[in-house]
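# Architecture and fold: a report
Each chain is listed here by its residues.
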Amino acid sequence: MPYLPHTREDMASMLKTVGVDNLDHLFSTIPEDCRFNGDLNLPEPLTEWELNDHMAALAHSVGVSPEYKVFMGAGSYEHFVPASISYLLSRSEFVTSYTPYQPEMSQGTLQAIYEYQTLAARLVGMEIATASHYDGATALAESLLMAVRVTKRRRVAISSLIHPLYRRVIQTYFEPTGCEVEELGYLENGVTDVAALDEMDDLAAVAVQSPNFFGCIENLQAIGKKVHEKEALFVVSFTEALAYGLLKNPGSQDADIVCGEGQSLGIPRSFGGPGLGILASHKKYMRSLPGRLVGQTTDLEGKRGFVLTLATREQHIRREKATSNICTNNSLCALAAAMYMASVGGSGIRELARLNYDRAEYLKHELEGAGCKVSFDSPTFNEFVVEFPTGFAATYERLLEKRIVAGLPLARYYPELANHCLLCVTETRSKDDMDALVREVAS
Amino acid sequence: MVMKEISELNLPDDIRYANDHEWARLEGDKVRVGLDDYAQDQLGDIVFVELPQVGATFKQGEEFATVESVKAVCECYLPVGGKILAVNSALEESPELVNKSPYGDGWFVEVDPSDRSDMDTLMTSVACLEKLKGAD
Amino acid sequence: MKEFLGTTGLILNEPLLWEKGKKGRCGFSLPRRDVESFPINDDILGEGPDFPDLSEMDVVRHYTRLSQWNFGVDTGMYPLGSCTMKYSPKTNERQAGLQGFTGAHPLLPASLSQGVLKMMFELEQYLSEISGMDATTLQPAAGAHGEFTGILLIYAFHKSKGVQRSKLIVPDTAHGTNPASIALCGYRPVPVTSNEQGILSVEAIAEVMDEDTAGIMVTNPNTLGLFEENGRKIAEIVHAKGGLVYCDGANMNAMMGVVKMGHIGVDIMHLNLHKTFSTPHGGGGPGSGPVCVKKPLEPFLPIPRVVEQKGRYVLAEHYPESIGKIAAFHGNVGVMIKAYSYIRSMGPKKLKKASQLAVLNANYIKEKLKGVLHLPYDRRCMHECVFSDEYQRAKKVTTLDMAKGLMDFGFHPPTVYFPLVVHGAIMIEPTETESKEDIDQFIEAFKAIVDEASTDPDVLHEAPKNCKVRRLDETTAARKPCLAG
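None of the values given here were measured: they were computed from a predicted structure.

## Focus on the interface of chain B and chain A
Opposite the 11 residues of chain B that make contact, chain A presents 5 residues. The contact between chain B and chain A buries some 620 Å² in all, and 48% of this surface belongs to carbon and sulfur atoms. In terms of surface lost to chain A, no three residues of chain B exceed Phe48(B), Glu68(B) and Val73(B), which account for 52% of the buried area on that side. Where chain B packs against chain A, one counts 3 salt bridges. Notably, a salt bridge pairs Glu75(B) with Lys321(A), separated by 3.4 Å at the nearest N-O pair. Linking chain B to chain A there are 3 residue pairs in polar contact (both at pLDDT 80 or more). Breaking the side of chain B that touches chain A down by element, the ones donating at least two residues are β4 (46–50), β6 (63–69) and β7 (73–77) of chain B. Broken down by element, the side of chain B that touches chain A gets its largest block of residues, 4 residues, from β6(B). Here the side of chain B that touches chain A is built from residues that sort into 5 nonpolar, 2 polar and 4 charged.

Okay, here's the thing in structure tokens:
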């Protein structure tokens, strides 16, 4: 029997202790009209070897590297993950432990998450970061709810260049709150149009994404200034964490809350989840933060140790007045991100991010040479939007047949950009890959 | 962490006590308010006290502060209604004052009472002790 | 001298990451540069983050040492009530690690993602079948996220009827996530007290249920480990006034193949893949909290939905009444694969057996420890049982002391101080993957601790002694939080 260690003798002995004849009678307190007496309609069990075959067949049908060259980012990025990280993440003391409510036997997880909090905060230039959220979208939704709590105002403004799926999540989260969500349009050069803020009052927060969904880098300093004139909180979100290995971080541009997706930091894409919601802010907002926090302390003998702290914000204590309902978060993903940041290091992350930037710039130039138009002239990081020459849909299909996914067509999300495509180049797409794409587009 | 027996509690005579363990002491025209020995003992080590703004007004029985220990939160209700004249800002750096000196340095707020007869609705230390004994 | 599991052993100290390393070290093989460097505007160029520079060995030793300070299910018994710390089969890890799954971009065209879409479609069907419901969404990332989704569905349902109700009934035994999720949706939680038998009474619900109540949120079995025997009648009362019944499915491990929640009046429920369905807890996630619903609620489910059309699978978005999205993409697919593999490995009969054995193990522990620890509800329990520290209080030994003592004996403590209705609660959930020998060892250890409580209570006041650290100063951690280095 898989994973069920009881022998007949074990069961007989235990049933005797409990004073019951058979396993079915254990449920005698359940009224007859509640009992299900049939068999579950599920497939018969597979052996481990049959399961291997079954899953391999499913996995094999999916379009992934190295057979497919996927030039898509849009919130999910292909990056190299060193073997050391996959190996370390398989240590079952990390994998099979629970939330560290008993800190004395969870110091491994607790120190590791404290380290993650520190490195994540440093990456985005803020003072403190939480222990993790589900993904960039929910981290952004929680940040806006936090701003509403802190300022006691009921209106937020969000850029239309925040990832479209993130904006849908915000709408869903805000629907029952009665708070207003305004959207800010965008300018010809592919960045947020903040002019409309002049007419808006009583704002709890203004949120932009940088690099934004078009890959363009926003002028955070200028936007921040306008937001603070309105006495609102400046929320900066991101989908590509690696960008801050190279670019000015949001903390240095006066962000109040920084939130985003950490999947790029050593976590595989896995068809969109699990990811890593990063949320960081200033110490002064500490008690309003949603999510778990690990803090440093000492034990009875004065040795350094770590504990979950400020738990009175959380659901298990504060219940309906909690800063969030989050319980299980994405701890193992935060651990992976910390391992990644530790492995790539301060010197390494800069070089890696620079390579992303340079490769994307190369593809941009080559595609322009092949007759494409780069849609927005703002600086970008590793994603950008192009307009293919006419007949785009046919080109895209032809490229798919050649096992090249030429970016994400934008028509679905921005109807005004019907022939435009969002392309992403990371360190995993070589010059050869890019040249092949350009050749196909040009022909 | 071991809690006190009822006989070990300190409930001074010159103070009045509310049902949920806030205390009020008349000091000339003002009323000083805090949390009594039973409450601080039950809560354990206090880690954070959230106090209202000076100038805010509350009715008798309205929530005006919260007190946090490591594992619990306690809402505090104003025993005597009125306007907040002063708050004990020392509690920001040293919340443990509520444990060490609940009737002295651990005070919460000074109130300008809107109705001094509110004091008469509160319990004496004898009545408070009786209530605690009855509840046990 | 009897030899218990817990012992001392050599583990190593390990500093924080930024206390190690040397500038210029790198633990990452930087890819070959095959393009030139392009100019970058100084306006946007930053300084890069202040990360330490570490070699691969620095990183490997660091995390290997840290892991040894932890205790997992693979280390020993982890009887955390309401968490279902069952064994996580390693084949599930292998399946989730296949390149075709890990490398998949969530927005791939359907033609390139058939395998993963098929897995999701089938998993939805399995979960609908097990819960006795009509449709499932896999999008919520954890149980609490599922609760939030479920209440959003309740909100949308009432809105579609042109009504806005203001409250939801919540039992006093509810997990903290329940009222927190309710509040997120703008509802007011209305608490009800369980009766002397530890379950909800029909009268208590009838008293508070009215036309302004959107519904009720129950956990069944509840957090005392007891089956809510009046569940069916309670559902009738709630439905009669137009409300909906939400079931927190965290305790589903007692019920597979035994009770179908959809058959006893439940309209919406969430499941925890990282509890009932064996996916590992990861030290606090990632989990997955799918939500299963009855037909009337199906139109409101989050999008996209996985749909089958003539043997092909697609992600469909055209559901005008959908609540929208609660996560950026499709949910924690990496976790779903493990639950899918588990269900395919167990099959229908063994899933039912798992629930039966989980309940057997819990009742066995209850019978063996009930003279030793105070049992507030001396009745047949489901997959978990709840004791209290009442017998030990005279010697000033608390639930906390006994929990810390258990560590030195080599066991993770049970859940403590929850549910709130039992003072000093000790909630023990062994799960079905613990053998009789391991459970007997646990019982022996607990008996030894209870003995220590009467003969030498100071040993327990100072426990644990064998762990990496002694008891930690949580007061200072909360008074003067130090959240980053």
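Picking up where we left off.
## A look at helix α5 (residues 107–124) of chain A
Residue and element names in this part refer to chain A. Compared with the 26 Å implied by 1.5 Å per residue over 18 residues, the 26 Å span of α5 between its first and last C-alpha is a close match. With 17 of 18 residues buried, α5 is to be regarded as a mostly interior element. Looking one or two places after α5, you find glycine 125, whose phi comes out positive at around 75°.

## Some remarks on the domain arrangement of chain A
Residues and elements named next belong to chain A. Taken domain by domain, chain A holds domain 1 (69–82 + 345–442) and domain 2 (83–340). The straight-line distance from the C-alpha centre of domain 1 to that of domain 2 is 27 Å. Opposite the 37 residues of domain 1 that make contact, domain 2 presents 36 residues. At the boundary of domain 1 with domain 2, total buried surface from both sides reaches about 2900 Å², with 62% on carbon and sulfur atoms. Applying the counting criterion to the domain 1 and domain 2 interface returns 1 salt bridge. The shortest N-O distance in the salt bridge between arginine 269 and glutamate 78 comes to 3.1 Å.

## Brief notes about the environment of Cys76(B)
All names here are of chain B. Along the chain, the position of cysteine 76 falls in strand β7. Cysteine 76 gets classed as buried once you look at its relative accessible area, which sits at 0%. Here the alpha-carbon distance between cysteine 76 and leucine 51, two residues 25 residues apart in the chain, equals 9.8 Å. Other than its neighbours up to four places away in sequence, cysteine 76 contacts Glu22, Leu35, Glu62, Glu63, Phe64, Ala65, Val67 and Phe108.

## Let's talk about the interface of chain C and chain A
Residue-level contacts link 202 residues of chain C with 185 residues of chain A. Between chain C and chain A, roughly 17100 Å² of surface is buried when both sides are summed, and carbon and sulfur atoms account for 65% of that area. As a salt-bridge pair, Arg412(A) and Glu317(C) come within 3.3 Å of each other at their nearest N and O atoms. Summed over the shared surface of chain C and chain A, the result is 90 residue pairs in polar contact (both at pLDDT 80 or more). Of all the elements, helix α9 (residues 333–369) of chain C adds the most residues to the side of chain C that touches chain A, at 28 residues.

## Some remarks on the sheet that holds β7(B)
Note: strands within a sheet are paired through backbone hydrogen bonds, in either parallel or antiparallel orientation. All names here are of chain B. A sheet is described by the order of its strands in space; here 3 strands give the open sequence β4-β6-β7, paired in antiparallel fashion. The sheet is open, and its two edges are formed by β4 and β7, each paired on a single side. Each neighbouring strand pair of the sheet contributes to a mean axis angle of 20°, computed without reference to strand direction. Bridge count between β4 and β6: 4 bridges; the pairing is antiparallel.

## Comments concerning the domain arrangement of chain C
As a measure of interface size, the accessible area lost when the parts come together is often cited. All names here are of chain C. Once the domains are mapped, chain C shows domain 1 (92–345) and domain 2 (347–471). If you average the C-alpha positions of domain 1 and of domain 2, the two centres end up 30 Å apart. Each partner contributes residues to the interface: domain 1 has 29 residues there, and domain 2 has 22 residues. Summed over both sides, the interface between domain 1 and domain 2 buries roughly 2000 Å², with carbon and sulfur atoms accounting for 59% of that surface. Summed over the three residues of domain 1 that lose the most area to domain 2, namely Leu224, Asn253 and Met256, the buried surface amounts to 27% of that side. Summed over the shared surface of domain 1 and domain 2, the number is 1 salt bridge. The shortest N-O distance in the salt bridge between arginine 379 and glutamate 229 comes to 2.5 Å. At the junction of domain 1 and domain 2, the tally comes to 9 residue pairs in polar contact (both at pLDDT 80 or more).

## A look at the confidence of the model for chain C
Per-residue confidence for chain C averages 96 on the pLDDT scale, and 100% of its residues sit at or above 70. Among the prediction metrics, the complex's ipTM stands at 0.97, with pTM recorded as 0.96.

## Things to note about the pattern of salt bridges
Following the criterion strictly, the structure yields 60 salt bridges over all chains and no others. Across the pair Arg65(C) and Glu14(C) runs a salt bridge whose closest N-O atoms are separated by 2.8 Å. Remark: Glu14(C) occurs in the segment before α1 (56–67) and Arg65(C) occurs in helix α1; sequence separation between them is 51 residues. By relative accessible area, which is 22% here, Arg65(C) ends up partly exposed. The exposure class assigned to Glu14(C) is buried, which follows from its relative accessible area of 5%. Each of Asp14(B), Arg25(B), Glu27(B), Lys30(B), Arg32(B) and Glu110(B) takes part in salt bridges that share partners, so that together they form one network.

Reading the values: the criteria
Residues numbered from 1 in each chain as written. Chains lettered and ligands numbered in written order. Predicted model: local features only at pLDDT ≥ 70, side-chain atom pairs only at ≥ 80, totals over all residues. Heavy atoms only, no water. Contact = heavy atoms within 4.5 Å. Buried area = accessible area lost by both parts, 1.4 Å probe. Salt bridge = Lys/Arg side-chain N within 4 Å of Asp/Glu carboxyl O. Polar contact = N/O pair within 3.5 Å; in protein donor to acceptor, adjacent residues only side chain to side chain. Helix = DSSP H or I, 4+ residues; strand = E, 2+ residues; numbered from the N terminus. Nonpolar A, V, L, I, M, F, W, Y, C, P; charged D, E, K, R; others polar. Expected span 1.5 Å × (residues − 1). Buried < 20%, exposed > 50% of the residue type's maximum accessible area, 1.4 Å probe, protein only. Domains from an automatic or database assignment. Pairing = 2+ DSSP bridges. Axes fitted to C-alpha atoms, helices over the stretch in contact; angles between N-to-C directions. pLDDT = per-residue confidence, 0-100.

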